Amino acid sequence: VQLVESGGGFMQPGGSLRLSCAASGFTFSSYGMSWYRQRPGKERELVASITSIGSITDYADSVKGRCSISRDNSKSTVYLQMNSLKPEDTAVYYCYVYLFLGDNWYQYWGQGTQVTVSS
């Protein structure tokens, strides 16, 4: 199982970014996916989630209305569109999946992509 994030970078407040997470090693279209972030000095927190076919999405209050999670099952990729970026969005963003393999459930994380928002 591999989750590879990309798209992070340095942005000014008010800007936009689209993060991507390319998944492999499992049946992507069968599982919900999530984005988490870890801000400096804080615990990792859930940002957004999407169901396996993309029919239901959910967002943290801190990003609601500014972020949009989506997925392309044909490309095994999940996206996080971030708009109206704020300095408090500065964090390492991680892709996450909870998989049922064999007879148990396992958590998988990507390596993370840094997003820095500053003027």
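This text follows the structure it describes.
These numbers were taken from a predicted model, which means no experiment stands behind them.

Turning our attention to the sheet that holds strand E7 (residues 67–72). The antiparallel open sheet is built from four strands, whose spatial order is E1-E3-E8-E7. Both outer strands of the open sheet, strand E1 (2–6) and E7, are each paired with one neighbouring strand and no more. The average undirected angle you get between the axes of adjacent strands in this sheet is 15°. One ladder, built from six bridges, connects strand E3 (residues 17–24) with strand E8 (residues 77–82); its direction is antiparallel. Bridge pairing in E8 links Ala22 to Thr77.

Let us now look at the packing of aromatic side chains. Going through the model one piece at a time under the given rule, you end up with eight aromatic pairs. Where Tyr94 meets Trp109, the ring centres are 6.3 Å apart and the plane angle is 85°; that geometry is what we call edge-to-face. You can see Tyr94 sitting in strand E9 (residues 91–101) and its partner Trp109 sitting in strand E10 (residues 104–109), a full 15 residues away along the chain. Accessibility expressed as a relative area gives 12% for Tyr94, which makes it buried. Looking at Trp109, the relative accessible area reads 33%, which means it is partly exposed. Of the aromatic side chains, those joined through ring pairs into one cluster are Tyr36, Tyr94, Tyr96 and Trp109.

Our next topic: the state of the cysteines. Under the counting rule described, the total for this entry stands at one disulfide. Here Cys67 stays free of any disulfide, with the sulfur of Cys95 as its closest cysteine sulfur at 15 Å.

Another aspect to go through is the pattern of salt bridges. Within this structure, the stated rule accounts for five salt bridges. The closest approach of N and O atoms between Glu45 and Arg37, which form a salt bridge, is 2.7 Å. The exposure class of Glu45 is partly exposed, given its relative accessible area of 22%. Arg37 is paired through a salt bridge with Asp89; the nearest N and O atoms lie 3.0 Å apart. One end of the pair, Arg37, is in strand E4 (residues 33–38); the other, Asp89, is in the loop between E8 and E9, with 52 residues separating them in the sequence.

Together, Val1, Leu101 and Tyr106 make up a nonpolar patch on the protein surface, roughly 220 Å² of accessible area in all. Along the chain, Val1 turns up in the segment before E1. By relative accessible area, which is 39% here, Val1 ends up partly exposed.

One finds Phe26, Met33, Trp35, Val78, Leu80 and Tyr93 to be the most contacted residues of the largest nonpolar core, which totals 29 residues. Among the elements that make up this core, the one with the highest residue count is E9 (five residues). Once you skip the residues sitting within four places of it in the chain, Tyr93 turns out to touch Glu5, Leu19, Trp35, Tyr36, Arg37, Val47, Leu80, Met82, Gly112, Thr113 and Val115.

Scoring rules and cut-offs
Residues numbered from 1 in each chain as written. Predicted model: local features only at pLDDT ≥ 70, side-chain atom pairs only at ≥ 80, totals over all residues. Heavy atoms only, no water. Pairing = 2+ DSSP bridges. Helix = DSSP H or I, 4+ residues; strand = E, 2+ residues; numbered from the N terminus. Axes fitted to C-alpha atoms, helices over the stretch in contact; angles between N-to-C directions. Phe/Tyr/Trp six-rings, centres within 6.5 Å; stacked < 30°, edge-to-face > 60°. Buried < 20%, exposed > 50% of the residue type's maximum accessible area, 1.4 Å probe, protein only. Disulfide = S-S within 2.5 Å. Salt bridge = Lys/Arg side-chain N within 4 Å of Asp/Glu carboxyl O. Patch = residues over 30% accessible without salt bridge, like charges linked within 9 Å, V, L, I, M, F, W, Y side chains within 5 Å. Areas by Shrake-Rupley, 256 points an atom, 1.4 Å probe, with all protein chains shown as cover. Core = buried A, V, L, I, M, F, W, Y, C linked by side-chain atoms within 4.5 Å. Contact = heavy atoms within 4.5 Å.

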